[in-house]
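# Descriptive structure summary
The primary structure of each chain is shown beneath.
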Amino acid sequence: MSSHTFLSVFRSRGLKQAAAGVVVAAVAWGGGSYWFGLKTEQTLAEQYRLLQSVPLFVVKSHSYQRGWFSSTETTELTFNKKLFTPYLSMLPANAAEWLDTTVRYTNHIKHGPLPEIGDFGFRPGRAVVTTEFAMSEQTRKTLQKFFGDKPPITVINRLNFGGGGTLTASIPKFDYEEPLAGVKVDWKGLDTRIDYEPGYKEYAVDVKVPGLNVEAATKGRVALDGVHYQSSHRPGQTGVTLGSSEMSVVKVSLDAKESLPYEIKLNELVYLLTRMRVGEFINPVGEIKPSRAVLDQLRYQIVTSEQDDFVNTRGKLSFAHLSVDQNSYGPMRLDVSANHLHGPTLVKLDQALSAIPFEGVEPAALRQQYIDTIKKNGLPLLTNNPKLLVNDFYLKLPAGEVKASGDLALNNLREADLNKPADFLAKVEANASIEVPKLTLESMVVAQARNLFVVDETAENPPSVDEIDDLARNLLASQLEIWQEGQYLTIQNGQVRTRMNWKDGKMSISGKPVSMPWQEAPPVAVPEPAAPPAAAARP
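These figures come from a predicted structure and were not determined experimentally.

### Focus on the overall build of the chain
Along the chain, the regular secondary structure elements total 11 helices and 26 strands. Taken over 539 residues, the chain has a buried fraction of 27%. Taking all contacts inside the chain whose residues are at least 6 apart in sequence as the whole, residues at least 24 apart take part in 56%. Carbon and sulfur atoms make up 58% of the accessible area of the chain, which totals about 34,800 Å².

### Considering the packing of aromatic side chains
A full pass over the atoms with the stated rule returns nine aromatic pairs. On the basis of an interplanar angle of 70° and a centroid distance of 5.2 Å, the ring pair of Trp-35 and Phe-36 is categorised as edge-to-face. Residue classification places Trp-35 among the partly exposed positions, given a relative accessible area of 47%. Assessed through its relative accessible area of 12%, Phe-36 is described here as buried. Judged by centre distance (5.3 Å) and plane angle (40°), the ring pair of Phe-36 and Phe-161 falls under tilted. Of the two residues, Phe-36 is situated in helix H1 (residues 3-52) and Phe-161 in the loop between strand S5 (154-159) and strand S6 (165-171); the sequence distance between them amounts to 125 residues. Phe-161 sits in the partly exposed class, given a relative accessible area of 40%. One aromatic cluster is present, built from ring pairs that chain together Phe-146, Phe-147, Phe-174 and Tyr-176. For Lys-512, the ring lying beneath its charged end belongs to Tyr-488, and the centroid distance is 5.9 Å.

### Looking at unusual backbone geometry
Gly-112 connects to Pro-113 through a cis peptide bond whose omega is 15°. Relative to the helices and strands, Pro-113 resides in the loop between strand S3 (102-111) and strand S4 (127-133). Look at the link from Gly-330 to Pro-331: it is a cis peptide, with omega at 10°. Tracing the chain through its elements places Pro-331 in the loop between strand S18 (327-329) and strand S19 (332-342). Its identity is not glycine, yet Asp-308 carries a phi of approximately 60°, on the positive side.

### Brief notes about the confidence of the model for the chain
Looking at the chain, the pLDDT average stands at 83 and 79% of residues meet or exceed 70. Below pLDDT 50 for its whole length, residues 535-539 participates in zero contacts with residues either more than four positions away or in separate chains.

### Topic: the side chain of Thr-238
Following the sequence through the fold, Thr-238 ends up in the loop between strand S11 (220-235) and strand S12 (241-256). Owing to a relative accessible area of 13%, Thr-238 belongs among the buried residues under this scheme. There is a polar contact of 3.1 Å between the side chain of Thr-238 and the side chain of Glu-306. Leaving out residues up to four positions away in the same chain, Thr-238 has contacts with Glu-306, Asp-308, Asp-309, Val-311, Gly-343, Pro-344 and Val-347.

### As for a nonpolar patch on the surface
Residues Tyr-34, Trp-68 and Phe-69 make up a contiguous nonpolar surface patch of roughly 330 Å² in combined accessible area. Turning to its location among the elements, Phe-69 is positioned in the loop between strand S1 (57-66) and strand S2 (70-79). A residue is classified by how much of its surface remains accessible, and Phe-69, at 46% relative accessible area, is partly exposed.

### A few points about the pairing of S19
Regular strands place their side chains on alternate faces of the sheet. Direction of pairing for strand S16 (residues 310-319) relative to S19: antiparallel, over a ladder of nine bridges. Across the sheet, the residue bridging to Phe-319 is Met-332, located in S19. Bridge count for S19 against strand S20 (residues 387-397) is eight bridges, and the pairing is antiparallel. Residue Met-332 lies in a different strand from S20, and its bridge partner there is Leu-395.

### Examining the pattern of salt bridges
Considering all chains together, one arrives at 13 salt bridges under this definition. Residue Glu-401 pairs with Lys-403 through a salt bridge whose shortest N-O separation is 3.6 Å. A relative accessible area of 25% means that Glu-401 is categorised as partly exposed. Note on Lys-403: relative accessible area 34%, which makes it partly exposed. What you see here is one network of salt bridges that share partners, running through Glu-442, Asp-470 and Arg-473.

### Quick word on the pairing of strand S9 (residues 190-196)
Looking at chain direction, S6 and S9 are connected through seven bridges and run antiparallel. Bridge pairing in S9 links Gly-165 to Tyr-196. As paired elements, S9 and strand S10 (residues 203-216) share six bridges and run antiparallel to each other. Counted as the bridge partner of Tyr-196 is Tyr-203 from S10. Linking S9 to S10, which pair antiparallel, is a turn of six residues; within it Gly-199 sits at a positive phi near 90°.

### Quick notes on the environment of Lys-208
Mapped onto the secondary structure, Lys-208 falls in strand S10. Taking the C-alpha atoms as reference points, Lys-208 and Lys-188, 20 residues apart in sequence, are found 9.9 Å from one another. Excluding anything up to four places from it in sequence, Lys-208 contacts Gly-189, Leu-190, Asp-191, Val-227 and His-228.

### Comments concerning the environment of Gly-494
Structurally, Gly-494 is set in the loop between strand S23 (490-492) and strand S24 (495-503). Residue Gly-494 is classed as partly exposed on the basis of its relative accessible area of 36%. Along the chain, Gly-494 and Glu-401 lie 93 residues apart, while their C-alpha atoms are 9.8 Å from each other.

### Section: the nonpolar core
Core analysis: the largest hydrophobic core is formed by 11 residues, namely Leu-295, Phe-319, Met-332, Leu-395, Leu-397, Val-402, Val-436, Leu-476, Leu-480, Leu-489 and Val-496. Beyond its immediate chain neighbours, meaning those up to four positions away, Leu-480 contacts Lys-438, Leu-489 and Ile-491.

### As for the environment of Arg-299
If you trace the backbone, Arg-299 turns up in strand S15 (residues 291-307). Each C-alpha atom of the pair Arg-299 and His-228 lies 9.6 Å from the other, and the pair is 71 residues apart in sequence. For Arg-299, the contacting residues outside a window of four places in its chain are Met-247, Ser-248, Lys-316, Leu-317 and Ser-318. Within the local environment of Arg-299, its side chain forms a polar contact with the side chain of Gln-297, the two groups lying 3.4 Å apart.

So, how was this worked out
Residues numbered from 1 in each chain as written. Predicted model: local features only at pLDDT ≥ 70, side-chain atom pairs only at ≥ 80, totals over all residues. Heavy atoms only, no water. Helix = DSSP H or I, 4+ residues; strand = E, 2+ residues; numbered from the N terminus. Buried < 20%, exposed > 50% of the residue type's maximum accessible area, 1.4 Å probe, protein only. Contact = heavy atoms within 4.5 Å. Areas by Shrake-Rupley, 256 points an atom, 1.4 Å probe, with all protein chains shown as cover. Phe/Tyr/Trp six-rings, centres within 6.5 Å; stacked < 30°, edge-to-face > 60°. Lys NZ or Arg CZ within 6 Å of the ring centre and 35° of its normal. pLDDT = per-residue confidence, 0-100. Polar contact = N/O pair within 3.5 Å; in protein donor to acceptor, adjacent residues only side chain to side chain. Patch = residues over 30% accessible without salt bridge, like charges linked within 9 Å, V, L, I, M, F, W, Y side chains within 5 Å. Salt bridge = Lys/Arg side-chain N within 4 Å of Asp/Glu carboxyl O. Pairing = 2+ DSSP bridges. Core = buried A, V, L, I, M, F, W, Y, C linked by side-chain atoms within 4.5 Å.

Given below as structure tokens:
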């Protein structure tokens, strides 16, 4: 065989092998894409079931069209009006229109193993899901004023091969101004990232809002800087969700140029919770005068852990400085804990409360169901020696410092003790240490006295506010002097300090025993003197 013939045969075989390889690769790619499409549908079906379990929404329609290399999922949601019906009287007047809103979105799904190869992306994965929200033409034109040609929100869900994934959502920044109205809005954007494991029981969340500044020429200014939220959660051995969540805000600013009237309808809240009608006289009414407030370095953190069958949780809240007009407050810190909570009972109680039907149920009946469920399932929380602690509270005020710490524990409580108040109190142990400025106490007492006596300023001959203030101050000063002489508290450098303790059914204040009303001996009856004998009748 000549060399020319040999080369021809070799090239022919090479072309056939290459062609066969291309065919095999194409078949493998197509088969893999189809298989990943099946697995993606299963993952998204699980996400859809989670959505259905959210009571806030009602699913109007849902469809899934699976293709070979891509799929489409469309969902329509509306708010659950039955959930809000008992509370409509407390919501804004146009709340009913909001509840009729329909949210429609479409998921455009590209199958793996290289779902973004069409866009020259070579990141492997089960699928990439891009969400598109449907909007009316009027809504679209309104949003274009702020975002221009950019989409107002971008949501991308990247599914990993193992079933977990990463969901990101972002809102672009914009700078909007209406010169005639004197309105300026500077929005720095929002970025959210959620990493989740298969089953969605373990996940981490990261949300960043660099800033927001809203100015109105006649109203004032509101600004928010450096908002950052992080959380990480996982299931524990008892079934309780463990992990941590924390948020920090660099600065919050408010500059109000107009008085803001307010009326808090406490009577409606009382009726909602108790079904008891209370007059409007309890509703705080007034106005917030033009003011400037700045809050710096606001932070909070919650950490939940477990040891054996028991759960411990700890929360911290703090800010560095708060200024309101000419007054300065802070720093402030609060550190509280709830320890030795029976984990299986927490899970059982959560499941029982979640199973209570609430749609269309009157608030009074619903409240009673919650109370009965807690009584039935929550007893082990009390009989396993739980402990609540105020590890630290500190607040710097213009008048001085507020300090507090304490704890409350139940020791060896039994179910039978709940039927006997004295036995129950004997199982309670509590300690508290409190320090407050005297001027702060005075301000609180004066404010309470005004609420008690100045109910209707239009009434005939209303009491004098100055007289009420003087009376309240004098009563407080007299009472503090009595307690100081009895060594129940101390007053030094304008600070009032005291300690309280409850143990074995006995109470002490600053180390001095204090008898409770039921512990005091009944007064001894003093016999009345006998009546003198009647004078003998004269003959």
